[in-house]
Amino acid sequence: MLKQRVITALVLLPIALAGFFWLNGGAFALFIGAVVTLGGWEWARLAGFSAQPLRIAYGLLVAALLYGLYLVPALAPLVLVLGVLWWGAATVLVLGYPDTARYWTGSLAKLLIGLLILLPAWQGLVLFKQWPLANWLILAVMVLVWAADIGAYFSGKAFGKRKLAPAVSPGKSWEGLVGGLLASLAITAGVGLYRGWIGAELLLALAGAALVVLISVVGDLTESMFKRQSGIKDSSNLLPGHGGVLDRIDSLTAAIPLFAALLWAAGWGAP
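Residues numbered from 1 in each chain as written. Predicted model: local features only at pLDDT ≥ 70, side-chain atom pairs only at ≥ 80, totals over all residues. Heavy atoms only, no water.

Caption draft 1: Main features of the packing of aromatic side chains. Within this structure, the stated rule accounts for 10 aromatic pairs. The interplanar angle of 55 degrees and the centroid separation of 4.8 Å between the aromatic rings of W43 and F226 together place this pair among those described as tilted. Placement of the pair is W43 in helix 2 (residues 25–46) and F226 in helix 8 (residues 200–230), with a sequence separation of 183 residues. This pair shows no difference in class: W43 is buried, exactly as F226 is. Aromatic pair W86 and W87: ring centres 5.8 Å apart, planes at 55 degrees, arrangement tilted. Each member of the pair, W86 as well as W87, is classed as buried. Ring pairs connect the aromatic residues W43, Y97, W104 and F226, which therefore count as one cluster. The ring of W41 carries R55 above its face, with NZ or CZ at 3.9 Å from the centroid. (Phe/Tyr/Trp six-rings, centres within 6.5 Å; stacked < 30°, edge-to-face > 60°. Helix = DSSP H or I, 4+ residues; strand = E, 2+ residues; numbered from the N terminus. Buried < 20%, exposed > 50% of the residue type's maximum accessible area, 1.4 Å probe, protein only. Lys NZ or Arg CZ within 6 Å of the ring centre and 35° of its normal.)

Caption draft 2: Local environment of empty space enclosed by the protein. One pass over the structure, following the stated rule, counts one cavity of 30 Å³ or more. Considering only enclosed or pocket space, the largest cavity measures out at about 50 Å³ in volume. If you list the elements that add at least two residues to the lining of the largest cavity, you get helix 8 and helix 9 (245–265). Element by element, the count of residues in the lining of the largest cavity is highest for helix 9, at three residues. (1 Å grid on protein atoms, 1.4 Å probe; cavity = no way out; pocket = protein on both sides within 12 Å on 5 of 7 lines; lining within 4 Å. Points joined across faces, edges and corners; volume = space filled by probe spheres on them.)

Caption draft 3: Examining the layout of surface pockets more closely. The computed volume of the second largest pocket comes to approximately 950 Å³. Lining the second largest pocket we find 24 residues, and of these A140, W197, A205, F259 and L263 sit closest to its centre. Looking at the lining of the second largest pocket, the elements that each hand over two or more residues are helix 6 (134–159), helix 7 (174–194), helix 8 and helix 9. Looking at the lining of the second largest pocket residue by residue, the class counts come to 20 nonpolar, two polar and two charged. (Nonpolar A, V, L, I, M, F, W, Y, C, P; charged D, E, K, R; others polar.)

Caption draft 4: Representation of the side chain of D220. Inspection of the secondary structure assignment puts D220 in helix 8. Given a relative accessible area of 15%, D220 falls into the buried group. Setting aside its immediate chain neighbours within four residues, D220 contacts K172, D250 and S251. (Contact = heavy atoms within 4.5 Å.)

Caption draft 5: Representation of helix 6 in the model. Look at helix 6: 37 Å from first C-alpha to last across 26 residues, which is about the 38 Å you get at 1.5 Å a residue. Of the positions making up helix 6, those classed as buried are A134, L137, I138, V141, M142, L144, V145, A147, A148, G151 and S155. (Expected span 1.5 Å × (residues − 1).)

Caption draft 6: Structural view of the UniProt feature "transmembrane region" (unreviewed entry) in the protein chain. Mapped onto this numbering, the UniProt entry gives "transmembrane region" (unreviewed entry) at residues 28–44, 56–72, 78–96, 108–128, 134–155, 176–197 and 203–222. Along residues 203–222, the helical share is 100% and the strand share 0%, with 29 Å between the first and last C-alpha atoms. (UniProt positions renumbered as here; feature names shortened; annotations may be inferred.)

Caption draft 7: Structural detail: the nonpolar core. Grouped together as the largest cluster of nonpolar side chains are 72 residues, with contacts concentrated most on W43 and F128. Once residues lying within four places of it in the same chain are set aside, the contact partners of F128 are A134, L137, I138, V141, I256, F259, A260 and L263. (Core = buried A, V, L, I, M, F, W, Y, C linked by side-chain atoms within 4.5 Å.)

Caption draft 8: Up close: the packing of helix 4 (residues 76–96) against helix 9. The geometry of helix 4 relative to helix 9 is characterised by a closest axis approach of 9 Å and an angle of 125 degrees between their N-to-C directions. The orientation of helix 4 relative to helix 9 falls into the category oblique. For the element pair helix 4 and helix 9, the recorded crossing hand is left-handed. Taking contact as the criterion, the partners of A76, P77, L80, V84 and W87 in helix 4 are, on helix 9, T253, A254, P257, L258, A260, A261 and W264. The class makeup of the residues in the contact of helix 4 with helix 9 is 11 nonpolar, one polar and no charged. (Axes fitted to C-alpha atoms, helices over the stretch in contact; angles between N-to-C directions. Parallel < 35°, antiparallel > 145°, perpendicular 65-115°, else oblique. Left-handed = near helix turned anticlockwise from the far one by under 90°.)

Caption draft 9: A look at the pattern of salt bridges. Applying the stated criterion across every chain yields a total of five salt bridges. With a shortest N-O distance of 3.2 Å, R162 and E175 are connected by a salt bridge. Taken as a pair, R162 in the loop between helix 6 and strand 1 (163–165) and E175 in helix 7 lie far apart in primary sequence, 13 residues in all. Look at R162 and you get exposed, because its relative accessible area is 56%. The exposure class assigned to E175 is buried, which follows from its relative accessible area of 15%. Here E223 makes a salt bridge to K227, at a shortest N to O gap of 4.0 Å. You can see E223 and its partner K227 sitting in helix 8, four residues apart, about one turn around the helix. (Salt bridge = Lys/Arg side-chain N within 4 Å of Asp/Glu carboxyl O.)

Caption draft 10: Layout of unusual backbone geometry. Here the amide bond leading from Y97 into P98 is cis, since omega sits at 10 degrees, within 30 degrees of zero. The topology assignment puts P98 in the loop between helix 4 and helix 5 (107–128). A positive phi is found at L133, a non-glycine position, where the angle reads about 55 degrees. As for its placement among the helices and strands, L133 is situated in the loop between helix 5 and helix 6.

Spelled out as structure tokens, the structure:
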């Protein structure tokens, strides 16, 4: 398994880095769209559709909607708002699971939720590419999520005792959450001081980073919740040793739209 993970990472890392940071405009939107479309194909399985024709049809629906959003950029604010609202609702669903499962176990509800997860994440990344410091914004949200994951792993392993969401993901602890949050905030503070942020500006950056990290955890737990309900270990086996696309981007699907919405609210991008 370790050998598979390493080989897959070595093959995919250059492709991912080139796609995220070298491509621009329509090529970037297409690259991210391909990843999100694969995520849609996987999500159909989590929604209870095991037949390949139905899974492919849902993936094609996701691709068609992405193309529509690309053609009508004026819809971007609405897509981000819907994404943020969904992740607020997902927080309630995760914390209340399994009692809250009755609200989303229908096939139609799960298919709609898939769109609320995938489309805003794509939209946020496309917006980043249009804003000042585009690649740095993409790197920033990734670093926040990765730092939180790494910090949570080590602090949870060392101090984890109280379960964060035992019905959803028994391995996660409150101590891990705090450790991951502190790691991300330390990086944010370091960047802020380097860039000369002081007072309210630095406090707002730290508050925003904290929100992004916390919602990224909800993204991870949300996919775990749907996999647990469906009795599925991995979203697919597309990435040997790593599971599926959704298994790798679940935290980012939640973090990206909130990060984009916060930047937009702060006046970073023009509506």
